[in-house]
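Take a look at the letters that make up each chain.
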Amino acid sequence: MKRANILYVLFVASLILILTAGIVLGIKGQEEWDILINDTGLSAPVLSAESGFYDEPFSLSITSPDNVSIYYTLDGSPPTSDSMLYTEPIPISRRGDGENDNIHIQNMQEEWQDGYGEDHAILATVVRAAAIDSQNTCSDIVTATYFIDQNQDRDKLVVSLVADPYDLFGDNGIYVTGKAYDDWYLGEREGNIPMPNFLQHGMDWERPVVLELFEGDSILQQPAGIRIQGASAREYGLKRFSVYSRKKYSGSNWFDIPLFGDWKTHSFALRSGFMNAYIQHLVQDRNIASAESREVVVYLNGSYWYPTFAQEKYSGKFFQEQYGVDDDNVIIVKGGGVDSGSADDHALYFAIYDFIDTHDMSTPEAYKELNELMDIQSYIDFSCVNIYFGNLDYNEDKNSVYWRARKTGTGEYEDGRWRWALYDLDLENLNYGVLEEDINTFTMDTHYAGSALNTRPMWVALRKNPAFRQQFAVSFMDIVNTDFTVQNAVAALEDWEVSLPWDVRTPEWALHYFPARTEAITGYLAEEFGLTGEKAAITLSVNDARGGNILLNTITPDLSEGQWTGIYFTDYPVTVTAVPDKGYTFAGWQSDTAEELTEKTLTLDIPAEGLRLQALFEKK
């Protein structure tokens, strides 16, 4: 039995003992929250210290502007008149000796700690307070998280989640098996097995939370919603969360500060997987959607939970912000089905397969018409990335995300074509006994995602077309020569704000992996497409770095060092376009041949000895 399965059995057993030892848990937390977030007109209490990191212990004073009683909690639950009455300052000190005001969290932490060898005893102090008058009218709740002498996390991005323990671990809690499952398990076990709560999906299984972010100081506090995130990861003890900004919680569908760049964020996932985060970070320039990530440390109700990555989630709002398509006009396909939508939306998705089933895809006409249904370059880029990194855990349905505008419009991405998004690149290839740099992703079968890539319907249909074969091979080499160079890969590891190593992915790993993988996978590419030409060097330069750039196929090479060199198969020509900057004009090409080249755009065969081109720019 695998270790993860043993831990899961122990985890479920411990939950059952905890939940059946006392029926004090329930759905009360959600109901109370709904009441407490209502605006009553009563002023919220005032804390004498803001959330954040402190070097020394201190006493926290709480005052009521309306001079009414104050009640508070230390376990994340919303305070009520049954909570602790504030009568004197609360001592706030370092809490690292295993004490925890939430016994349900503590018991489960001990189970995980034994199984995973992780330390969950490093605690922050969470204070939640509300003013409640003699008529039991309750003010808005104030929440604060205090880290005392926790310098190991002071320089990191810290995510603090504060939620009612009932919403997590109660009978209807999203983190546990739940009452229905437990009653079945402890009873006669008749009928269908109830689905454990932590495997449930959808809005019914979203719970309110206070999200706070720290980078030394508190940089964001905002009510939000959380759900359990992932697929198989849901069955592990340390579950991952999805976090959503919604009007029902904070009055906004966006978080108050940018989380991943200079754009707005609606939702993010707290999920493991360095390679998933790193690969998507590498290919931000390609014609595929990719989600940016940040390394974070997560605390739950003051308890240290885990280090992980916060990653943008794909949603209508993501595509609205990144691609300018209205949220309600976006269709998203995940796992082979429309994420949420009508039968007409499903029909738009299946139209791709209906087309390739009924047309001869070897013809130029069919290829052109298919490109009006789907952005073939986006499909190519999506496939290139998964193939290069030997991902054996995806197919045309699994771990693939497509999206499109439902109704066409004037925007660049409102053309009604399906496009692809990178998703779940955790790469299960190491279980195959093959060195990851040697995996032939074109031909290797996988029990994770079915048959090999080169047997799947869309690939088989497109591969028949000569234009697709050329477009794919050239695009593949474009990516290899830019995003997947050693220089770019190492720079991303060194400059990206992550603590190395994660999964032993260090600059030293990149120095070995990328040259070895490029050599192996380009050989497999040649086999898949029957390429018989040589690999030859293309060297590009400009006479004046201020004058302009050169577009090569699908890339704009970096000419800041004076010149750029890439390797391409001689089977297919390449296309170059000179792009003058403002104030300059294109004056022609200089090449190894005596031929005069004056057109801005050229399509050139590659000689076996290679090709050298310089774009000439002149001031106007």
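Since this is a predicted model, take the numbers as computed values, not measurements.

Caption draft 1: Layout of the packing of helix H14 (residues 486-495) against helix H15 (residues 507-529). Packing of H14 against H15 brings their axes to within 9 Å, and their N-to-C directions diverge by 155°. Here H15 runs roughly antiparallel to H14, going by the angle between their axes. Two packed elements cross with a definite hand, and for H14 against H15 that hand is right-handed. Listed contacts from H15 to Val486, Ala489, Val490, Leu493 and Glu494 of H14 are Pro507, Trp509, Ala510, Leu511, Phe514 and Pro515. Of the residues that constitute the contact of H14 with H15, the class distribution is 10 nonpolar, no polar and one charged.

Caption draft 2: Seen up close, the nonpolar core. Ranked by size, the top nonpolar core spans 107 residues in total, and within it Tyr278, Phe389, Phe472 and Phe514 carry the most contacts. Not counting residues up to four positions away in its chain, the partners in contact with Phe514 are Tyr278, Leu282, Tyr388, Phe389, Phe484, Val486, Ala489 and Trp509.

Caption draft 3: Summary view of helix H5 (residues 179-186). Among the residues making up H5, those that are buried are Tyr181, Asp182 and Trp184. Buried residues of H5, seen end-on, are gathered within an arc of 160° and therefore sit on one face of the element.

Caption draft 4: Main features of the confidence of the model for the protein chain. Residues at a pLDDT of 70 or more form 87% of the protein chain, whose mean pLDDT is 87. Throughout residues 1-38 the model reports pLDDT below 50, and contacts reaching past four residues in sequence, or to other chains, amount to 70 contacts.

Caption draft 5: Layout of the pattern of salt bridges. Applying the stated criterion to the full structure yields 18 salt bridges. A salt bridge links Arg271 to Asp426; its shortest N-O distance comes to 2.9 Å. Here Asp426 lies in the loop between strand E20 (419-421) and helix H12 (457-463) and Arg271 lies in strand E14 (residues 267-271), a separation of 155 residues in the sequence. With a relative accessible area of 9%, Arg271 lands in the buried category. Judged by relative accessible area, Asp426 falls into the partly exposed class, the value being 28%. Among the ionic pairs, Asp375 bridges to Arg419, the shortest N-O distance being 3.3 Å. One end of the pair, Asp375, is in the loop between helix H10 (364-370) and helix H11 (376-388); the other, Arg419, is in strand E20, with 44 residues separating them in the sequence. With respect to burial, Asp375 and Arg419 carry one shared label: buried.

Conventions adopted
- Residues numbered from 1 in each chain as written.
- Predicted model: local features only at pLDDT ≥ 70, side-chain atom pairs only at ≥ 80, totals over all residues.
- Heavy atoms only, no water.
- Axes fitted to C-alpha atoms, helices over the stretch in contact; angles between N-to-C directions.
- Helix = DSSP H or I, 4+ residues; strand = E, 2+ residues; numbered from the N terminus.
- Parallel < 35°, antiparallel > 145°, perpendicular 65-115°, else oblique.
- Left-handed = near helix turned anticlockwise from the far one by under 90°.
- Contact = heavy atoms within 4.5 Å.
- Nonpolar A, V, L, I, M, F, W, Y, C, P; charged D, E, K, R; others polar.
- Core = buried A, V, L, I, M, F, W, Y, C linked by side-chain atoms within 4.5 Å.
- Buried < 20%, exposed > 50% of the residue type's maximum accessible area, 1.4 Å probe, protein only.
- Arc of directions from axis to C-beta.
- pLDDT = per-residue confidence, 0-100.
- Salt bridge = Lys/Arg side-chain N within 4 Å of Asp/Glu carboxyl O.

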